[in-house]
Structure formats: structure tokens, C-alpha cells
Amino acid sequence: ALERHGLEAAVRVELLNLKEENGVAVSLQDDFSGTLPVEVSTIAYRICREALSNARRHSQAGRIEVTVDDLKGGLLVKICDDGVGIPPGLVASPEPGHLGLSAMRQRADLAGGWLKIRSPVDGRGSGAGPGTEIEFWLPVDTDAGSDTRTPAPNDGCPLHRPPERTHPSSDRHGGHGGHVHHRV
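Summarised in this report is the structure supplied together with it. Computed from a predicted structure; not experimentally measured. (Residues numbered from 1 in each chain as written. Predicted model: local features only at pLDDT ≥ 70, side-chain atom pairs only at ≥ 80, totals over all residues. Heavy atoms only, no water.)

With that out of the way, let us pick up the overall build of the protein chain. Broken down by element type, the protein chain carries 4 helices and 6 strands. The order of α-helices and β-strands along the protein chain, N terminus first, is α-α-β-α-β-β-α-β-β-β. Here the protein chain holds 184 residues, and the buried ones make up 39% of them. Considering only intrachain contacts with a sequence separation of at least 6, the fraction spanning at least 24 residues in the protein chain is 71%. Surface exposure of the protein chain reaches about 10,300 Å², of which carbon and sulfur atoms provide 50%. (Helix = DSSP H or I, 4+ residues; strand = E, 2+ residues; numbered from the N terminus. Buried < 20%, exposed > 50% of the residue type's maximum accessible area, 1.4 Å probe, protein only. Contact = heavy atoms within 4.5 Å. Areas by Shrake-Rupley, 256 points an atom, 1.4 Å probe, with all protein chains shown as cover.)

Following this line, the structure appears as C-alpha cells:
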């Protein structure tokens, strides 16, 4: 699916498999407006696949959300679940046989980006509830202007924050536009 239909379709397949196998509620919001080079798409997919695989095996989540967006010449992806979180210390020092967290971070680093893992259980989460947040940024546009610094991760996952109140007239796209939000 990745080579033929792109990152969104490949992640959607992973989410549908998760939903079918585990009965977890899933959603994918794709607000990325650019074109991804094959290399970036492949790295992003591999990180997403590992994060979703970890959620499948360990999180006991009832809900998993993936968001994909543009940020400062790059691709920002967030994978959030409402599961049990990551045991204290495992993020910093993976146990033998649990190298997926390190591998995800290494993939992002090698691509010139970053990856952050937050889990309230590990003291790094938003504090708004259980679960895990994996957020990563990969550079897409190497000529994105004179600001060559990579952007810092933002605060928390939508699953772990109170819902925002918006007025329908404040919707900058009038309820439509380029944003794609799918419940899969």
C-alpha cells in the first residue's frame, strides 16, 4: 500500500488491522498538504508501524489516534493511545528484546528529525490521563527557508487533553477544505 498509495493509505491499513484484531477504536487525521519523498514516507511508515505494533501488543488501549500534519518544512506525526502507558524507565532504558522504542528514535534521528515518547506512567506524559504519545518530525523540504532548526515537539496528544470548544463560524475551512479526518 505504501509504494502504490502513499503513507495515509498504508497507515490506514495498519489501523484497520488493529481495529479488526483488537476491537480498538481508531482514527486517522491527515492534514499533510505536501508530497512526501519516498525515503521520508518509508521512514515515517516504519516508525508508525512499530508504534502501532507496540500499542497492539502492550497498551490494552480502547482508542488509538494518528494525526499527520505539516510543520516547518517537515512531516509531523502523532500516535496516541489511551492504554496503560509505558512502565517507568523503559523509555530511557529498553529491556533486552524491547528495542522498538530505540529503533523508532534512531530512524527519526538518522533522517534529521526527532522522536519523543511520553507516557504519564513514566512521568513524561501530559498528566491528563493514561496512555502513550509518540510524536515525530521528519524533514521533507530541505529548502524550507533560512530557519534550519528542527521544530520542538508540541504539548500532548488530543486523547490526553480536554476537547477544545470552537464556534462553527471560527472554522477556517468552513467545515470543508484540505483536511481529511477519517474514523476507520
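There is more to say, and it comes next.
Attention now goes to helix H2 (residues 7–22). In this model H2 runs 22 Å from its N-terminal to its C-terminal C-alpha over 16 residues, within 8% of the 22 Å that 1.5 Å per residue would give. Residues Leu7, Ala10, Val11, Arg12, Glu14, Leu15 and Leu18 constitute the buried set of H2. Phi turns positive one or two residues past the end of H2, at Gly23, with a value near 70°. (Expected span 1.5 Å × (residues − 1).)

This part is about the pairing of strand S3 (residues 74–81). Across the 8 residues of S3, 8 count as buried, placing the element largely inside the fold. Of the two faces of S3, the one holding Gly74, Leu76, Lys78 and Cys80 and the one holding Leu75, Val77, Ile79 and Asp81 are both buried throughout. Where strand S2 (residues 63–71) and S3 come together, 8 bridges link them in antiparallel fashion. Within S3, the residue paired with Ile64 across the bridge is Asp81. Between S2 and S3, which follow one another and run antiparallel, lie 2 residues, and Lys72 among them has a positive phi close to 45°. Where S3 meets strand S5 (residues 132–139), 8 bridges bridge the pair, whose relative direction is antiparallel. (Pairing = 2+ DSSP bridges.)

On to helix H3 (residues 38–59). Taking 1.5 Å per residue, 22 residues should reach 32 Å; H3 reaches 30 Å between its end C-alpha atoms and fits that length. Every buried residue of H3 is accounted for by Val40, Ser41, Ala44, Tyr45, Ile47, Cys48, Ala51, Leu52, Ser53, Asn54, Ala55 and Ser59. Gln60, located one to two residues past H3, shows a positive phi value of around 55°.

What follows concerns unusual backbone geometry. Phi is positive for Gln60, close to 55°, though the residue is something other than glycine. Inspection of the secondary structure assignment puts Gln60 in the loop between H3 and S2. Taking relative accessible area as the criterion, Gln60 reaches 69% and is therefore assigned exposed. Unusually for a residue other than glycine, Lys72 sits at a positive phi of about 45°. Note that Lys72 resides in the loop between S2 and S3.

In this section: the packing of H2 against H3. Relative orientation of the contacting elements H2 and H3 amounts to 10°, with a least axis distance of 10 Å. Between H2 and H3, the angle falls in the class roughly parallel. Between H2 and H3, the residues in contact are Leu7, Ala10, Val11, Glu14, Leu15, Asn17, Leu18, Glu21 and Asn22 and Ser41, Ala44, Tyr45, Cys48, Arg49, Leu52 and Arg56, respectively. Here the residues of the contact of H2 with H3 are counted per class, giving 9 nonpolar, 3 polar and 4 charged. (Axes fitted to C-alpha atoms, helices over the stretch in contact; angles between N-to-C directions. Parallel < 35°, antiparallel > 145°, perpendicular 65-115°, else oblique. Nonpolar A, V, L, I, M, F, W, Y, C, P; charged D, E, K, R; others polar.)

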